[in-house]
Number of protein chains: 2
Amino acid sequence: MTIGAGGEHLMAGSPGKLYLVGLGPGDNLYLAPAARLALAECQVVVGFRGYMDQVADLLAGKECIAMELGQELDRAEKAVALAQAGRTVAVVSSGDAGIYGMAAPVFRVLTDRGWDGESPQVQVVPGISALQSAASLLGAPLMQDFCAISLSDLLTPWEAIQRRVNAAAQGDFVVVFYNPRSQRRTWQLLEARRILLEHRPASTPVGLVRDAYRPSQRVVITNLGQLEEEIFLVDMFTTVVVGNSTTYLHGGRMITPRGYEEKAAARS
Amino acid sequence: MTIGAGGEHLMAGSPGKLYLVGLGPGDNLYLAPAARLALAECQVVVGFRGYMDQVADLLAGKECIAMELGQELDRAEKAVALAQAGRTVAVVSSGDAGIYGMAAPVFRVLTDRGWDGESPQVQVVPGISALQSAASLLGAPLMQDFCAISLSDLLTPWEAIQRRVNAAAQGDFVVVFYNPRSQRRTWQLLEARRILLEHRPASTPVGLVRDAYRPSQRVVITNLGQLEEEIFLVDMFTTVVVGNSTTYLHGGRMITPRGYEEKAAARS
């Protein structure tokens, strides 16, 4: 990673730089030095207001362009325009910018503008994604093959999402649901549950993690059968982890065995 | 996260503590402070020799128990025994300890020993996984639903892996392959490629990332069709990312559009 001296205004005509920075779960203990350095080097920070509040102490003296949810393409346009004008810009996302974050809209805008891959320079700085924050608090649910599925049908047709839930069920993947439920999208998680129940028992462990690593953190372990009654616990800030056919509970943790133990049993 | 003052030897009978720490890609710029603090607090570090070398500067003065690959259950047994004897122990994995790392064997040993969920205290500290390191260097390939599949059939029967590759193909998931190929396991990735080619065109972008964020880093973008000729570039230190039906290349990057742009196009 190349981190130059930061802060100075570049002259017009200098190549700008775009950092796509994942802020992780929101506790700076989980923010890697590379992300911290990118925020230190940039002149301008572009992002959703709520995420920028997370790192307010790191943004002192920066030009901040805060936008609302749903303005992702506007944010990307603004950031690219600033970088093309020679500024060093950080576009921030919660979690990992490359997992349902700001990386794709920024690259889309760059593509539409005929970006040559060099100028402005673009660097993606990965962060701890919600699937990892949730898993670490639940135990070890992701120790076999898993998939991430966003249940938001604002950007993807429901038919495509349904096809993926079906595929995940058939493949016996551990499933992590992003954007599982909001005030307007209330039935999608229940429909996904119905599909999974065709392939997995009602006793399959399900973890619900909200506001991981924040003061308001809440971790609930339930199962596929009971999820219908507990659906009110799930909102757009919740990550839902559904175990596969081998996931079990012990000591209040949700554990998917990797297979080492079966191997050991076979040896003995 | 509770991080106490560290280093002192606890008296026999004191409750021990187990940290399951993900070291990320191997460059300390991507190691979060929480992981650094866990390593500072522990008295004993248990892990694969190669991963411990990554953080040698953070392990000065620690008792280090280095083991070889394949000894995962032995490492877990040793770590749990030490924690049960009152020591503060860090078990380290590369990437994220909860994604194909040491978390599951440790929880398995705890389960077998009738762990009550409290003593020893267990804390999983997430790290940047190979799927994120690879994605950040390739561009933005993981911006739609994706899955992680390990192609190692040492711990999982090939039939189960094949079923998952088929499901991933049918669901049009972006696919990240861990453990794609070794000197002994040479045909699994080619077989996975054959299955994916039944559902995706030969032009589907494929990214190969080896030793992300290390001096020996190598990033190659190819496609499903050409992967057969370039299979020699893939070894057990390589992460393979296969795009879905919408993934495209621009400016030397591999980009899966999130859907924002289609939404904008539909508005205009």
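Residues numbered from 1 in each chain as written. Chains lettered and ligands numbered in written order. Predicted model: local features only at pLDDT ≥ 70, side-chain atom pairs only at ≥ 80, totals over all residues.

(A) Up close: the overall build of chain A. Each helix and strand in chain A was counted, giving 8 helices and 13 strands. In summary, chain A has a C-alpha radius of gyration of 21 Å against a globular reference of 18 Å for 268 residues, a match within 12%. The dimensions of chain A, computed from C-alpha atoms along their principal axes, are 65 × 40 × 35 Å. Restricting the contact set of chain A to residue pairs at least 6 apart, pairs at least 24 apart contribute 73%. (Helix = DSSP H or I, 4+ residues; strand = E, 2+ residues; numbered from the N terminus. Rg over C-alpha atoms; globule rule 2.2 N^0.38 Å. Contact = placed C-beta atoms within 7 Å.)

(B) Geometry of the sheet that holds strand E12 (residues 248–250) of chain B. Residue and element names in this part refer to chain B. Sheet architecture is open: 3 strands sit in the order E6-E13-E12, paired in mixed fashion. What marks the edges here is a single partner per strand, and that holds for strand E6 (139–140) and E12. The sheet contact formed by E6 and strand E13 (residues 253–255) spans 2 bridges and is parallel. Within E13, the position partnered with Gly 139 by the bridge is Met 254. (Pairing = 2+ DSSP bridges.)

(C) Up close: the environment of Arg 200 of chain A. Residues and elements named next belong to chain A. Structurally, Arg 200 can be placed in the loop between helix H7 (188–197) and strand E9 (205–210). Along the sequence, Arg 200 and Asn 244 sit 44 residues apart, while their C-alpha atoms lie 7.5 Å from each other. Not counting the four nearest positions on each side in its chain, Arg 200 is found in contact with Leu 224 and Ser 245.

(D) Looking closely at the domain arrangement of chain A. Residue and element names in this part refer to chain A. Each assigned domain of chain A is listed here: domain 1 (17–128) and domain 2 (131–255). Centre-to-centre separation of domain 1 and domain 2, based on C-alpha positions: 28 Å. Tallied by class, residues from the side of domain 1 that touches domain 2 come to 5 nonpolar, 1 polar and 1 charged. (Domains from an automatic or database assignment. Nonpolar A, V, L, I, M, F, W, Y, C, P; charged D, E, K, R; others polar.)

(E) Summary view of the interface of chain B and chain A. With 64 residues of chain B at the contact, the number on the chain A side is 64 residues. In terms of residues, the side of chain B that touches chain A owes the most to one element, helix H4 (residues 103–112) of chain B, which gives 7 residues. Partitioning the side of chain B that touches chain A into residue classes produces 36 nonpolar, 17 polar and 11 charged. Here 3 bridges tie strand E7 (residues 146–150) of chain A to strand E7 (residues 146–150) of chain B, and the two strands are oriented antiparallel to one another. Within E7 of chain B, the residue paired with Ala 148 of chain A across the bridge is Phe 146 of chain B.

(F) Spotlight on unusual backbone geometry. Cis geometry is found at the peptide bond from Ser 119 of chain A to Pro 120 of chain A, where omega equals 0°. With respect to the element layout, Pro 120 of chain A can be found in the loop between helix H4 (103–112) and strand E5 (121–125). Unlike most non-glycine residues, Asp 172 of chain A shows phi in positive territory, near 55°. As for its placement among the helices and strands, Asp 172 of chain A is situated in the loop between helix H6 (158–170) and strand E8 (174–178). Located in the positive-phi region is Asn 179 of chain B, a residue other than glycine, with phi close to 45°. Considering the arrangement of structural elements, one finds Asn 179 of chain B in the loop between strand E8 (174–178) and helix H7 (188–197).

(G) Fine view of the relation of the copies chain B and chain A. Note on the identical chains: chain B maps onto chain A by a rotation of 180° and an axial translation of 0.0 Å, with an RMSD of 0.0 Å. When the rotation and shift are considered jointly, the pair of chain copies conforms to a two-fold rotation axis. The overlap is high: 100% of the interface residues of chain B also sit at the interface in chain A, so the same surface is used on both sides. (Least-squares fit on C-alpha atoms with pLDDT ≥ 70 in both.)

(H) The arrangement of the pairing of strand E1 (residues 17–22) of chain A in detail. All names here are of chain A. The buried fraction of E1 is high, at 6 of 6 residues. The side-chain alternation of E1 yields two buried faces, one formed by Lys 17, Tyr 19 and Val 21 and the other by Leu 18, Leu 20 and Gly 22. In this sheet, E5 lies alongside E1 in parallel orientation, the contact comprising 5 bridges. Each bridged residue has a counterpart across the sheet, and for Lys 17 the counterpart in E5 is Gln 121. (Buried ≥ 20, exposed ≤ 12 C-beta atoms within 10 Å, placed from the backbone.)

(I) Representation of the environment of Ala 134 of chain A in the model. All names here are of chain A. Structurally, the position occupied by Ala 134 is in helix H5 (residues 130–138). Sequence separation between Ala 134 and Arg 210 is 76 residues; the distance between their C-alpha atoms is 8.1 Å. Not counting the four nearest positions on each side in its chain, Ala 134 is found in contact with Gly 207, Val 209, Ala 212, Thr 239 and Val 241.

(J) Expanded view of the nonpolar core. In terms of nonpolar packing, the biggest core is built from 166 residues, with Leu 20, Val 21 and Val 106 of chain A together with Leu 20, Val 21 and Val 106 of chain B touching the most fellow members. The contact partners of Leu 20 of chain B, leaving out residues within four places of it in the chain, are Val 91, Ala 97, Met 102, Ala 103, Val 106, Val 122, Val 124 and Val 125 of chain B. (Core = buried A, V, L, I, M, F, W, Y, C linked by C-beta atoms within 7 Å.)

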